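Coordinates in review
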Amino acid sequence: MSSLFQLGRSGLNAAQAGLNVTGHNIANVNTQGFSRQQSLISTAGGQGSGTGYFGSGVKVDSVRRIHDGFLTSQFNNSATVGASLTTYDQQIGRVNQLLADRTVGVSPALSRFFEGVHAVASAPASPEARQELIGRSNSLVSQLQSAQQFLDDQRGSINEQIGTTVEQINSYAHRISDLNDRIVIARASVSGQPPNDLLDQRDQLITELNQLVRVSVSEQGDTLNVSVGNGQTLLAGGKVFPLQSMVSAADPTRTAVAYTAPDGTVVELGDSVIDGGSLGGLLRFRHETLDVTQNELGRVALGLALAFNELHGQGVDLNGTDGGEFFSVGSPAVLANARNSDPAQTIVATYTEGAAGALTLSDYQVTFDGTDYAVTRYPSGSAVTLHADSDAANGVLVFDGIRIEVPDTGDVVRNDSWVIQPTRYGARDIGVGVTDPNAIAAAGPDGGSANGENALALAGLQTKGILASGTVSINGGYAQLVNNIGVKTQASQTAVKAQNTLTQQSFAAQQAVSGVNLNEEYINLDFYVQHYNASARVIEVATNIFDTLLGLRT
C-alpha cells in the first residue's frame, strides 16, 4: 500500500511542479527578456521482486529555461546595428532639415547677395544699390554664422550624449557583475540547479547594453566577461573596467571615449574603434558627417571670401582708392595636443595666395618624429605632399592652400603633434569688412571710379569655378553640401528601415524558441490538471483499498 501512496504522491509532486512552471510562464508572458521554462521529470526507478521490477513513480529533476544562445546573439547583433543606425539617422536628419529649406538659410542668402552685386554692377554710382549690397552681405554672413552655430551646438549636444551614454554603459557593467555574483551563489546553494530567472535578467541586461554599444560576451564558468571595441575589457574576473568620457587630447572640442586598462591606465579610443549602439551611432555621425559638413560649409565661406577679396582688391572704389578686403576671415585653427612636451610651442598657420581653390575638406596632423616634421591627413593618417614653396629647413611647410610655421626642432620632442583645421571655422569667422558704401570697389582700374566693370567680374564669381582647384563654383559648392547631406539622409533612412525589418525577424526567431505562447501554456495547464487529478485518484484508490483492508480486519 505504501508504494501506491508513494506513486500517487510522486505524480502529485510532478503535476504540481508542472503547474507552478506553467503558471510562472503565463505570469511572465509580457516580461521583457523572460524565457519560458519547462519542468524536467524522469522515472524514479523501480524495485525488484521475484515477479519483476515495479516502478517507484516519477521525480522532478530540474526546471530549465528554453533558451538558444545563438538566436539571442543574432538578435543582439541586429539590435545593436539598428540602434546605431537610428541614432545616426536622428542626428543627420537635423542637419538635413537645416540645409534642405531653400526659403531661408544660406542658399537664398547667397542668391540675394549676388543679386546685390549684380545691382551694383548695373548702377555702380547708386548709393542705394551699394548700401543694399552691404546689407545683403551682412545677411549672408549672419546665415553662415547661424548654420555654423547650429552645427557647433549639435557637436556640444553629441559631447553631452557621449558622456551620458558612457555612464549608462558603466552602470550596466556593474549590474551585470552583480548578477554574475548572485548567479554563482544561487547555483551553489541549490545543488547546482540553474537560477533561470537570474540568467534571464542577465541576458536582458546584455541585450539592453547592446542598445548602447556593441559588446562581445564570453562565458567563464557561471559568469560572463564583457568587452567593447577591439577587445577592450569592460567586465572580467568579477571586476569592472569602466569606460570614461574625456576631452580629447588632440581636439578639446571633442568628448572622446577612453577605457581603463588592467593596470589602471586610461587610454583614449578613436571614434572608429567603438561601433554599434547609440554610442557608435553618435561617434560615427561625428567623424563621418559632422566634421565633413562643418569643413564643407567653412570651405564655401572661405572660398567666397578669399576669391571675392582677391578680385575686390583689383578694383577701384568711388573715392578712387584701390579696393580693400570686402570680407574678413580668420586663420586656420591650430590645436596643440594636450600631451605635448611644451604647450607653449605652437604652429602659426595662414592661408596662401590662391587658397580658395586649393583648400580641401581635410583636417591635418603635424607630428615631430624626433628629426623632422611630417604632415598627414587627420584622422586617416594618409601622407600629404608638400608644395614646392615649402622651406622645411626653416620650418615653413606649405600644402593645400595653407602655410604653417613650425617650432624649432630644438624646442619640441618626439611625438609632439598639432591638428590643423583649415576650414572648420570658416563660416564662424567670416565677417563683412566694408561698412562704407563708397568703399565698394565696383570700378575697373582704367575706367574711372564710377564704372561697374569690377562689380560685374565680382558677380561672375557666383558661377565661376573657384573651389576644388577651380572646378566648383561657390553656388555649386554649397549645392554639393546640401546634396551630400540629402543623399546620406536618404541612405540612412533606407538602412534604418531595412535593419528594423532584420531586427524584427531576429526577435521573432528568438521568441519562437524562448517566448511564452499562451495557447501552448493553456494546453500544458489542462495537461497538468489532468495529471494532478489522476495522481490524486491514485491516492484515493490507495485509501479506499486501505479502508477495505481495515474493514476486513474488524
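Here, the structure is the one placed above.
Report on the accompanying structure. (Residues numbered from 1 in each chain as written. Predicted model: local features only at pLDDT ≥ 70, side-chain atom pairs only at ≥ 80, totals over all residues. Heavy atoms only, no water.)

The helix and strand tally for the protein chain stands at 12 helices and 20 strands. A compact globule built from 554 residues would reach a C-alpha radius of gyration of about 24 Å, whereas the protein chain, at 37 Å, exceeds it by more than 25%. Over its C-alpha atoms, taken along the principal directions, the protein chain stretches across nearly 145 × 55 × 30 Å. The 554 residues of the protein chain split such that 45% are buried. Sequence separation of at least 24 residues holds for 69% of the intrachain contacts in the protein chain that already meet a minimum separation of 6. With the model as given, the accessible surface of the protein chain reaches about 25,700 Å², and the carbon-plus-sulfur share is 50%. Between the averaged position of the 32 positive side-chain charges in the protein chain and that of its 52 negative side-chain charges there is a distance of 12 Å. (Helix = DSSP H or I, 4+ residues; strand = E, 2+ residues; numbered from the N terminus. Rg over C-alpha atoms; globule rule 2.2 N^0.38 Å. Buried < 20%, exposed > 50% of the residue type's maximum accessible area, 1.4 Å probe, protein only. Contact = heavy atoms within 4.5 Å. Areas by Shrake-Rupley, 256 points an atom, 1.4 Å probe, with all protein chains shown as cover. Lys, Arg positive; Asp, Glu negative; His and termini not counted. Charge placed at Lys NZ, Arg CZ, Asp CG, Glu CD.)

Looking at where Arg 286 falls in the secondary structure, it is placed in helix H6 (residues 277-312). Polar side-chain contacts of Arg 286 include one of 3.0 Å to the backbone oxygen of Thr 255. Those residues in contact with Arg 286 that lie beyond four places of it in its chain are Arg 155, Ile 158, Asn 159, Ile 162, Arg 254, Thr 255, Asp 271 and Asp 291. (Polar contact = N/O pair within 3.5 Å; in protein donor to acceptor, adjacent residues only side chain to side chain.)

Close approach of charged atoms lets side chains of opposite charge pair. Tallying each qualifying case throughout the model produces 19 salt bridges. Across the pair Asp 200 and Arg 65 runs a salt bridge whose closest N-O atoms are separated by 2.8 Å. Of this pair, Asp 200 sits in helix H5 (residues 196-212) while Arg 65 sits in strand E4 (residues 58-65), placing them 135 residues apart in sequence. For Arg 65, a relative accessible area of 17% puts it in the buried group. A salt bridge links Asp 291 to Arg 254; its shortest N-O distance comes to 2.8 Å. (Salt bridge = Lys/Arg side-chain N within 4 Å of Asp/Glu carboxyl O.)

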